[in-house]
Amino acid sequence: MRRMLNELTGITLQERGREMIYNRLGRRLRQLKLDGFAAYIQLVEKDSEEARTFAEALTTNTTHFFREEHHFDYVSDVLVPDWLKNRSQDKRVRIWSAACSSGEEPYTLAMVLQESRLRSAGFDTRILATDIDRATLEKARMGTYPAEGMGTVTPERMKRWFKRGVGTRAGQARVAPELKQMITFNPLNLMNPWPVKGPFDLILCRNVFIYFSPEVTADLTLRFSEVLRPGGILMLGHSESMVAGSTRFDSVGKTIYRRRAS
Ligand SMILES: C[S@@+](CC[C@H](N)C(=O)[O-])C[C@H]1O[C@@H](n2cnc3c(N)ncnc32)[C@H](O)[C@@H]1O
């Protein structure tokens with residue numbers, strides 16, 4: 001199971017992941033009326049649709065709005081002023097949220113960017129948001145969240161960027177169309193070739209490296225450097241750091257890295 005998960009997603013499960021595998025896949029085995037994990041492995045090996053279900057069951061999608069807020073402060077306090085100052089000729093800003101889960105990360109970015117002066121200055125700002133997990137990506141596309149889980153969004157922002165549901169939708173908050181329009185959601189497995197050209201000004205790949213081996217992380221870091229503009233920024237999650245591949249980046253803040261010019 002661990003080998004297969006690693007091949008499909010790059011995720012390296014520790015020994016303590018065993019219990020998690022049993023918990024998460026037990027229900028699937030019962031649904032399929034299979035009597036053991038050996039039979040399930042055989043099925044995953046020959047059925048690509050089941051391989052996807054398997055990978056999705058074992059990915060961890062935890063996220064929330066304004067998670068690791070210092071990254072969004074860096075966008076509004078450092079990157080936006082830099083773009084406004086230095087990009088008067090090329091007003092295209094391209095951002096990639098590379099493991100976006102259910103969308104809170106790209107929608108947070110969209111809020112911060114919409115609140116900035118980029119739009120009135122005529123910038124064309126777009127966010128590509130991708131994840132391996134299609135079910136969670138569908139939630140991201142819908143952009144509807146239980147309001148009670150949105151404590152990290154200020155009341156002012158709730159009012160400005162979300163519409164509260166009524167009737168059967170009471171308790172739900174729906175993202176404003178202005179935010180949705182900035183984002184393209186696509187499935188993408190980071191382990192496979194990327195159908196993205198870039199160059200990106202900013203890439204967020206947060207809280208996914210922790211599941212990968214150092215080799216996979218080093219390879220991905222290199223590949224990110226190839227689709228970032230010189231001077232572009234890569235943001236990682238709070239417990240992640242760049243070890244290998246760092247010759248292409250300078251550290252410019254807490255888990256914030258700038259791609260070197262050459
Ligand atoms: C813990 S969430 C992080 C979400 C968000 N970036 C954040 O920091 O709040 C990790 C995400 O990585 C995705 N993921 C895991 N393996 C992946 C892979 N090989 N390619 C793309 N996404 C992957 C999972 O589906 C999950 O949504």
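Everything here concerns the structure above.
To start, this report covers the structure provided alongside it. (Residues numbered from 1 in each chain as written. Predicted model: local features only at pLDDT ≥ 70, side-chain atom pairs only at ≥ 80, totals over all residues. Heavy atoms only, no water.)

Considering unusual backbone geometry
Quick note on the threshold: Think of it this way: any DSSP run of H or I at least four residues long counts as a helix, any run of E at least two long counts as a strand, and we number them from the N terminus. Accessible area is worked out with a 1.4 Å probe on protein chains only. A residue is then buried under 20% of its type maximum, exposed over 50%, and partly exposed in between.
Going from Gly-198 to Pro-199, the amide bond is cis rather than trans, its omega being -5 degrees. Along the chain, the position of Pro-199 falls in the loop between strand 6 (183–187) and strand 7 (200–205). Phi at Ser-101 is positive, roughly 50 degrees, even though this residue is not glycine. With respect to the secondary-structure elements, Ser-101 resides in the loop between strand 1 (92–97) and helix 6 (104–114). Although it is not a glycine, Thr-255 sits at a positive phi angle of roughly 55 degrees. For Thr-255, the location among the structural elements is in the loop between strand 9 (249–253) and strand 10 (256–259). Residue classification places Thr-255 among the buried residues on the basis of a relative accessible area of 9%.

Focus: the pairing of strand 5 (residues 172–175)
Definition in use: Strands are treated as partners if at least two bridges between them are detected by DSSP.
Of the two faces of strand 5, only the one carrying Ala-173 and Val-175 is buried; Gln-172 and Arg-174 on the other face are not. Direction of pairing for strand 3 (residues 144–146) relative to strand 5: antiparallel, over a ladder of 3 bridges. Its bridge partner being in strand 5, Thr-144 is matched across the sheet by Arg-174.

Concerning the site of the ligand
Convention followed: Near is defined per residue: the residue qualifies when any heavy atom it owns lies within 4 Å of the molecule or strand. We call two N or O atoms a polar contact when they sit within 3.5 Å, provided that within protein one can donate a hydrogen and the other can accept it, with sequence-adjacent residues counted only if both atoms are side-chain atoms. Using the Shrake-Rupley algorithm and a 1.4 Å probe, accessible areas are obtained, with residue cover drawn only from the displayed protein chains. Cavities and pockets were defined on a 1 Å grid built over protein atoms only: a cavity is a set of grid points that admits a 1.4 Å probe from which the probe cannot escape, a pocket is an open set flanked by protein on both sides within 12 Å along at least five of seven lines, and lining residues are those with an atom within 4 Å of any such point. For a molecule to be placed in a cavity or pocket, more than half of its atoms must lie within 2 Å of the grid points of that cavity or pocket. Following the grouping adopted for this structure description, the nonpolar residues are Ala, Val, Leu, Ile, Met, Phe, Trp, Tyr, Cys and Pro, the charged ones are Asp, Glu, Lys and Arg, and the polar ones are all others, Gly among them.
Around the ligand sit 21 residues in total, of which Thr-9, Thr-63, Ala-99, Asp-131 and Asn-207 are the nearest. For the ligand, an oxygen atom lies 2.6 Å from a polar atom in the side chain of Thr-63. Against a free-state accessible area of 600 Å², the protein chains account for coverage of 99% of the ligand. According to the grid-proximity analysis, the pocket containing the ligand is the largest cavity. For the shell around the ligand, the class distribution of residues is 7 nonpolar, 9 polar and 5 charged.

A look at the sheet that holds strand 4 (residues 162–164)
We apply this condition: A fitted line through C-alpha atoms represents every axis, and for helices the fit uses only the stretch in contact; the resulting angles, taken between N-to-C directions, go from 0 to 180 degrees.
In spatial order, the strands read 3-5-4; together these 3 strands make up an open sheet with antiparallel pairing. Two strands close off the open sheet at either side, each with one partner strand: strand 3 and strand 4. Neighbour to neighbour, the strand axes of the sheet diverge by 30 degrees on average, direction disregarded.

Brief notes about helix 7 (residues 134–142)
Our working rule: Here the arc refers to the directions that run from the helix axis out to each C-beta atom. Any pair of residues with heavy atoms lying within 4.5 Å of one another is described as a contacting pair.
Every buried residue belonging to helix 7 is among Thr-136, Leu-137 and Ala-140, and all of these are buried. Down the axis of helix 7, the sector holding all buried residues measures 100 degrees, keeping them to one side. Buried positions along helix 7 lie against helix 6, strand 2 (124–131), strand 3 and strand 6. Where helix 7 ends, the next residue or the one after it, Gly-143, has phi of about 65 degrees, a positive value.

A closer look at the packing of helix 1 (residues 2–9) against helix 4 (residues 48–58)
So the rule is basically this: Any angle from 65 to 115 degrees is called roughly perpendicular, while one under 35 is roughly parallel, one over 145 is roughly antiparallel, and all others are oblique.
The N-to-C vectors of helix 1 and helix 4 enclose an angle of 100 degrees; their axes lie 10 Å apart at closest approach. Regarding the angle of helix 1 to helix 4, the classification is roughly perpendicular. For the pair helix 1 and helix 4, contact is made by Met-4, Leu-5, Leu-8 and Thr-9 and by Ala-51, Phe-54, Ala-55 and Leu-58, respectively. The residue inventory of the contact of helix 1 with helix 4, partitioned by class, reads 7 nonpolar, 1 polar and no charged.

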